[in-house]
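Descriptive analysis of the structure
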Amino acid sequence: AATNLDKAMTNIRIVTGDSREEAVEYMKSLSGLAGQLSVTTQEVASAADDWLRQGYSISDTNALITDSIHLSVLGLVSQGEATSDLTSIMKGYKLSVNEAATAVDKLTAVDMQSASSAGGIAQALQQVANVANTAGVSLDQTIGMISTISDVTQREPSSVGQALRTMIARF
């Protein structure tokens, strides 16, 4: 575990350009965040590395870590998948860092009301978000379509997203 954390700290140092002392302090704050989120420091450090590599600031990264970890835990997907899915949703719908939590809340609300998981809906959104947004289909509408199709067909999330992307692109 110590070796993995040291590798994670090295990755964060490379991305941020921080000194070892600054990276140690940041890792301490990530450890505290991990405790608050009830996940491992390794998971939080990995999420931090993913978000920092996308060019987000430390404060934005900390918010996005929380959002992606929530999606991971509630959506029953890995942290890496949750970060990738949330990135696609944010970029596809041009959401700000502050709007990412709202997107995760929407996904988990639908998860509670349907046979679709938040993680599955997020995976499908990864396939269709950009096309849907370009076509003027809102995030709420897209989530609704994905969950309805998923509930009825019980297909894999990525195939639902691909099918929906094709349908929207043709109209």
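You'll find the structure just up there.
Here we summarise the structure given alongside this text. (Residues numbered from 1 in each chain as written. Predicted model: local features only at pLDDT ≥ 70, side-chain atom pairs only at ≥ 80, totals over all residues. Heavy atoms only, no water.)

1. With respect to the pattern of salt bridges
A side chain with one charge may pair with a side chain of the opposite charge, provided their charged atoms come close. This structure, assessed with the given rule, holds four salt bridges. When the shortest N-O distance is used, the salt bridge between Glu25 and Lys28 registers 3.4 Å. Here the residue Glu25 and the residue Lys28 both occupy positions in helix H2 (residues 20-37), the gap between them amounting to three residues, near one helical turn. Across the pair Arg53 and Asp49 runs a salt bridge whose closest N-O atoms are separated by 2.9 Å. On the criterion of helical spacing, the pair formed by Arg53 and Asp49 is a turn pair, its members being four residues apart in helix H3 (residues 41-53). (Salt bridge = Lys/Arg side-chain N within 4 Å of Asp/Glu carboxyl O. Helix = DSSP H or I, 4+ residues; strand = E, 2+ residues; numbered from the N terminus.)

2. Considerations on the nonpolar core
One finds Leu30, Ile65, Met90, Leu107 and Leu125 to be the most contacted residues of the largest nonpolar core, which totals 50 residues. Counting residues per element, this core draws most heavily on helix H7 (residues 118-134), at eight residues. Ignoring sequence-local partners within four residues, the contact set of Leu125 consists of Ile89, Tyr93, Leu107, Leu139, Thr142, Ile143 and Ile146. (Core = buried A, V, L, I, M, F, W, Y, C linked by side-chain atoms within 4.5 Å. Buried < 20%, exposed > 50% of the residue type's maximum accessible area, 1.4 Å probe, protein only. Contact = heavy atoms within 4.5 Å.)

3. Here's the deal with the packing of aromatic side chains
Two descriptors summarise a pair of aromatic rings, namely the distance from one centre to the other and the angle between the planes of the rings. Counted under the stated rule, the structure contains one aromatic pair. Seen in terms of ring centroids, Trp51 and Tyr56 are 5.7 Å apart; in terms of plane orientation they differ by 70°. Their pairing is edge-to-face. The exposure classification of Trp51 matches that of Tyr56, with both residues buried. (Phe/Tyr/Trp six-rings, centres within 6.5 Å; stacked < 30°, edge-to-face > 60°.)

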